[in-house]
Structure formats: C-alpha cells, structure tokens
Amino acid sequence: QVQLVESGGGLVQAGGSLRLSCAASGRTFSRHIMGWFRQAPGKEREFVVGITWKGATTDYADSVKGRFTISRDNAKNMVYLQMNNLKPEDTAVYYCAAAPSLRGLGVTPENYDYWGQGTQVTVSS
C-alpha cells in the first residue's frame, strides 16, 4: 500500500516555474514506478512523465519535454516535478501516481494503482 500527497501547486504567470512535490508513505515506495498525470477541466487525465524505481529511466509527454523534469529521492520517499517555462495550456490538476515496478513504465492511468488527491496548477497568460 502506498499513500501519496502532492503539494506545490499554485498560480504562476506564463514563462514562470513551479516545483511539485509528492510525499509517499509505505515501505515499498522505492519499488514503485512513479508518474505525474494532469487533468484539465473537461478533458481526460493525461500522462505527463514517469520514472522507474531507481530513476534510471524516464518518459516524458512530448508537450512537456525540455520544460519539465522529474526526480525522486527514495531515501525520503519523495518525487518531484520541476516545471519551467510554464504555458497556459499547462493549467490543470496535477496528480502523483504509483505503479508496481513489475508492470513497467506505463503512460495510461490504468497502469497505476495509487493516486494522490491532486494539486492545482494555474498558468496565466
């Protein structure tokens, strides 16, 4: 069992930066793939980025490549999402998610078993 709590969302102007954090509880956190998803009003939840349990492999959505960076600190049970050069289209609720490592780094919500409550990111133009 893994419990996730996101923080760090807020309102920022276009071109600005935010850093999201995801605090995880559970003894097996380090054995989980971690992902960030986002959901804008009226849209489906979409994959943003994922990272394997050792951090060796990451996968980014094309829309955030070169602007967002995921990292994890297994000793602290934390996952981070550094978001730079934010755009209005990045506005959404951002969710942290966890999946067993054996399942592989997936890009669909169905691949993930555990979810945080979400944190709102709003980018003004």
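Asker: Which residues make up the environment of R31, and what values do they have?
Answerer: Looking at where R31 falls in the secondary structure, it is placed in the loop between β3 (18-25) and β4 (32-39). Residue classification places R31 among the exposed positions, given a relative accessible area of 58%. Between the alpha carbons of R31 and L102 there is a distance of 8.8 Å; along the sequence they are 71 residues apart. Apart from the residues within four sequence positions on either side, R31 is in contact with W53, P100 and S101.

Asker: Lay out the pattern of salt bridges with the relevant residues and their values.
Answerer: For the coordinates displayed, the defined rule picks out five salt bridges. Salt-bridge contacts for D90 lead to R38; the nearest nitrogen and oxygen are separated by 2.9 Å. Note that D90 is positioned in the loop between β8 (78-83) and β9 (92-100) and R38 in strand β4, a separation of 52 residues in sequence. Among the residues examined, D90 registers a relative accessible area of 0% and is labelled buried. Its relative accessible area of 6% is what places R38 among the buried residues. D113 is the partner of R103 in a salt bridge, and the nearest nitrogen-oxygen pair spans 2.7 Å. Here R103, found in the loop between β9 and β10 (114-115), pairs with D113, found in the loop between β9 and β10; they are ten residues apart in sequence, far enough to count as distant. On the basis of relative accessibility, which here comes to 39%, the residue R103 falls in the partly exposed class. Classification of D113 as partly exposed rests on a relative accessible area of 38%.

Asker: Tell me about unusual backbone geometry, and name the residues and values.
Answerer: Residue N77 is not a glycine yet carries a positive backbone phi of 55°. With respect to the helices and strands, the residue N77 is situated in the loop between β7 (68-73) and β8. The residue N85 is not glycine, and still its phi comes out positive at about 50°. Residue N85 is classed as partly exposed on the basis of its relative accessible area, which comes to 41%.

The rules behind each value
Residues numbered from 1 in each chain as written. Predicted model: local features only at pLDDT ≥ 70, side-chain atom pairs only at ≥ 80, totals over all residues. Heavy atoms only, no water. Helix = DSSP H or I, 4+ residues; strand = E, 2+ residues; numbered from the N terminus. Buried < 20%, exposed > 50% of the residue type's maximum accessible area, 1.4 Å probe, protein only. Contact = heavy atoms within 4.5 Å. Salt bridge = Lys/Arg side-chain N within 4 Å of Asp/Glu carboxyl O.

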